[in-house]
Amino acid sequence: MKQFKLCATLQFYDTFQEFLQEHSFGMGDLFLINQSLYDRFFCSVPPPCPVLVTSTYGSGEPTTDRVDRIRADIPWDTRRIIAVGGGTVMDIAKMLTLQAPSGHTADLFLGQDAPVRRYELYAVPATCGTGSEVTNACAAEISGLQMKRGLNNDLMFPAVSVLIPELLWGLSFQVFATSSIDALIHAAESFLSPKATPHSLLFSREAIRLLLSGYRYLVGAGQAMWTRYATDFLLASNYAGIAFSSAGCGPVHALSYPLGGGYHIPHGEANQLVFADTFRLYREKSPGGRMRELETLLAETLDVSASRSLEALFALVDQIHPRKPLRDYGIKAEELPVFAARVMKEQQRLLSNSYVPFTVSELAGIYQAAY
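Conventions adopted
- Residues numbered from 1 in each chain as written.
- Predicted model: local features only at pLDDT ≥ 70, side-chain atom pairs only at ≥ 80, totals over all residues.
- Heavy atoms only, no water.
- Helix = DSSP H or I, 4+ residues; strand = E, 2+ residues; numbered from the N terminus.
- Rg over C-alpha atoms; globule rule 2.2 N^0.38 Å.
- Buried < 20%, exposed > 50% of the residue type's maximum accessible area, 1.4 Å probe, protein only.
- Contact = heavy atoms within 4.5 Å.
- Areas by Shrake-Rupley, 256 points an atom, 1.4 Å probe, with all protein chains shown as cover.
- Lys, Arg positive; Asp, Glu negative; His and termini not counted.
- Charge placed at Lys NZ, Arg CZ, Asp CG, Glu CD.
- Axes fitted to C-alpha atoms, helices over the stretch in contact; angles between N-to-C directions.
- Parallel < 35°, antiparallel > 145°, perpendicular 65-115°, else oblique.
- Left-handed = near helix turned anticlockwise from the far one by under 90°.
- Nonpolar A, V, L, I, M, F, W, Y, C, P; charged D, E, K, R; others polar.
- Salt bridge = Lys/Arg side-chain N within 4 Å of Asp/Glu carboxyl O.
- Expected span 1.5 Å × (residues − 1).
- Core = buried A, V, L, I, M, F, W, Y, C linked by side-chain atoms within 4.5 Å.
- Pairing = 2+ DSSP bridges.
- Phe/Tyr/Trp six-rings, centres within 6.5 Å; stacked < 30°, edge-to-face > 60°.
- Lys NZ or Arg CZ within 6 Å of the ring centre and 35° of its normal.
- Right-handed = clockwise from strand over helix to strand, strands pointing away.

**Some remarks on the overall build of the protein chain**
Thought 1: Secondary structure assignment for the protein chain yields 15 helices and 10 strands.
Thought 2: For the protein chain, whose C-alpha radius of gyration is 20 Å, the value lies close to the compact-globule estimate of 21 Å for 371 residues.
Thought 3: Once the C-alpha set of the protein chain is aligned to its principal axes, its extents read approximately 60 × 45 × 45 Å.
Thought 4: The buried share of the protein chain, taken over its 371 residues, is 57%.
Thought 5: Long-range pairs, those at least 24 residues apart, make up 74% of the contacts in the protein chain with a sequence separation of at least 6.
Thought 6: Accessible area of the protein chain: about 14,900 Å², with a carbon and sulfur share of 52%.
Thought 7: In the protein chain, which carries 31 positive and 36 negative side-chain charges, the distance between the mean positions of the two groups comes to 4 Å.

**Considering the packing of helix 7 (residues 198–221) against helix 12 (residues 309–320)**
Thought 1: The interhelical angle for the contact between helix 7 and helix 12, taken along N-to-C directions, is 55 degrees, at an axis separation of 10 Å. Considering the angle they form, helix 7 stands oblique to helix 12. Considering how the two elements wind past one another, helix 7 and helix 12 form a crossing that is left-handed. Seen from helix 7, the contacting residues are Leu212, Tyr215, Arg216, Leu218 and Val219; seen from helix 12, they are Leu313, Leu316, Gln319 and Ile320.
Thought 2: When grouped by side-chain class, the residues that make up the contact of helix 7 with helix 12 number 7 nonpolar, 1 polar and 1 charged.

**Section: the pattern of salt bridges**
Thought 1: Summed over the entire model, instances satisfying the criterion amount to 11 salt bridges.
Thought 2: Of the charged contacts, one joins Glu295 and Arg283 as a salt bridge, the two residues approaching to 2.4 Å between their closest N and O atoms. Of this pair, Glu295 sits in helix 11 (residues 289–302) while Arg283 sits in helix 10 (residues 267–285), and the two are 12 residues apart along the sequence.
Thought 3: On the basis of relative accessible area, Arg283 is assigned to the partly exposed category, the value being 32%.

**A few points about helix 6 (residues 173–192)**
The periodicity of an α-helix, 3.6 residues per turn, causes residues three or four positions apart to be oriented the same way.
Thought 1: With 20 residues, helix 6 extends 29 Å between its outermost C-alpha atoms, agreeing within 8% with the 28 Å of an ideal straight helix rising 1.5 Å per residue.
Thought 2: With respect to burial, helix 6 is a largely interior element, 18 of its 20 residues being buried.

**Things to note about the nonpolar core**
Thought 1: Ranked by size, the top nonpolar core spans 79 residues in total, and within it Phe176, Leu259, Phe279, Leu313 and Tyr367 carry the most contacts.
Thought 2: Element by element, the count of residues in this core is highest for helix 6, at 11 residues.
Thought 3: In this structure, Met90, Ala93, Ala123 and Cys138 belong to the second largest nonpolar core, which totals 28 residues.

**Observations concerning the sheet that holds strand 2 (residues 29–33)**
Thought 1: On the basis of which strands lie adjacent, the open sheet formed by 6 strands has the order 1-10-7-4-2-3 and parallel pairing. On the outer flanks of this sheet lie strand 1 (10–12) and strand 3 (51–53), each paired with one strand and no other. Averaged over all neighbouring strand pairs, the angle between strand axes comes to 20 degrees, with direction disregarded.
Thought 2: Where strand 2 meets strand 3, 3 bridges bridge the pair, whose relative direction is parallel. Within the sheet, the bridge partner assigned to Phe31 lies in strand 3 and is Val51.
Thought 3: This element, helix 4 (residues 87–97), spans strand 2, strand 4 (80–85) and strand 7 (120–125) of the sheet and lies at about 165 degrees to strand 4.

**A short note on the side chain of Ser180**
Thought 1: The topology assignment puts Ser180 in helix 6.
Thought 2: On the accessibility criterion, Ser180 (0% relative accessible area) is buried.
Thought 3: Beyond its immediate stretch of four places on either side in the chain, Ser180 contacts Cys128, Gly129, Leu211 and Tyr215.

**Quick word on the packing of aromatic side chains**
Thought 1: Within this structure, the stated rule accounts for 23 aromatic pairs.
Thought 2: Seen from their ring centres, Phe25 and Phe31 are 5.4 Å apart, and the 80 degrees between their planes marks the pair as edge-to-face.
Thought 3: Classification of Phe25 as buried rests on a relative accessible area of 8%.
Thought 4: The class for Phe31 is buried, based on a relative accessible area of 0%.
Thought 5: On the basis of an interplanar angle of 50 degrees and a centroid distance of 6.3 Å, the ring pair of Tyr229 and Phe233 is categorised as tilted.
Thought 6: It is Arg290 that lies over the ring of Phe191; its NZ or CZ is 5.9 Å from the centre.
Thought 7: Positioned above the aromatic ring of Tyr329 is the side chain of Lys324, whose terminal nitrogen or guanidinium carbon lies 4.6 Å from the ring centre.

**Points about the pairing of strand 2**
Thought 1: Taken across its 5 residues, strand 2 has 5 buried, putting it largely inside the fold.
Thought 2: Side chains of strand 2 alternate between two faces, with Asp29, Phe31 and Ile33 and Leu30 and Leu32 buried alike.
Thought 3: Alignment of strand 2 against strand 4, held across 5 bridges, turns out to be parallel. Residue pairing for strand 4: Ile33 is matched across the bridge by Val84.
Thought 4: This β-α-β element, strand 2 to helix 2 (residues 35–41) to strand 3, shows right-handed connectivity.

**Focus on unusual backbone geometry**
Thought 1: Here the phi dihedral of His264 falls at roughly 55 degrees; this positive angle occurs in a residue that is not glycine.
Thought 2: Counting through the fold element by element, His264 comes out in the loop between helix 9 (251–263) and helix 10.
Thought 3: One non-glycine residue with positive phi stands out, namely Asp303, at about 60 degrees.
Thought 4: With respect to the helices and strands, Asp303 occurs in the loop between helix 11 and helix 12.

Coordinates in, geometry out; function isn't part of it.
Take a look at the structure:
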């Protein structure tokens, strides 16, 4: 049985102020936001309710200890969290909405008892990568274990998802590039997933088309012009999120977790490091079926032959964000088989969505090819 999930109320605004004016935020509400967005929108205008700034509690991607520190500061009368930011803010907010019986965030990932939902979530993305505003997924480093894990729970679906292209305009090109590449990988992995449905494929296809069309424009027009396509990139991220909520992500995300958890490589960048070599192995092992459909889609979008479409895709992505070998991050060659064994043991949730099965040695080979 295959299943398509769409648990989203989507709202669209041109500006953040329009969003604030439309909603009567106040008692019982809490804004969770990053520092740059707070300075941009709330510095001169008092916020309508309490605010927690995520950077006050640490930097980088989420850790379970960091989420626990934020949780301790949530006002007692909070009923609704309005999360405004990128993937880190979204993941933290989703973890906050759930309460493990022990009260410890790590037990959402490691515990056996079912959590309960504490707060309603409004998700307002300020990047174009995670699609987290429409998914039931989050990820965090388990503090003390140097282990990054993902979590899926339908209780984490946001109650309302709000798309505001204006929020993207303050992104650096680097953050835009790595976040949008993450969206592309979401779309590509969900397209090839054995759990894909006709409905998820619609969203995967359109996300791929929007992202690659935007990338081709940037290659000709220059990096500074990316905000002209901000709406398309935001929609593509959203569509990819809808697709992978049902079809799931796969080995690219699984392989990226040791890189993000052990070496703190940003999530989208870590995915890009293993994306090309994972899909090359896919094509080598099973060149027909859905892979052939993907190559046809890429060929139409990139104006190349189907036989050249995968390599054209990888070359285009590397023009948007040049990829470095794993060794440049201080990763040692002897760590690669250890990473592969950990992925095989700990990431079956993602490996189960693989287009074709991989052995431990094949996972190690992907790392080695990217090394």
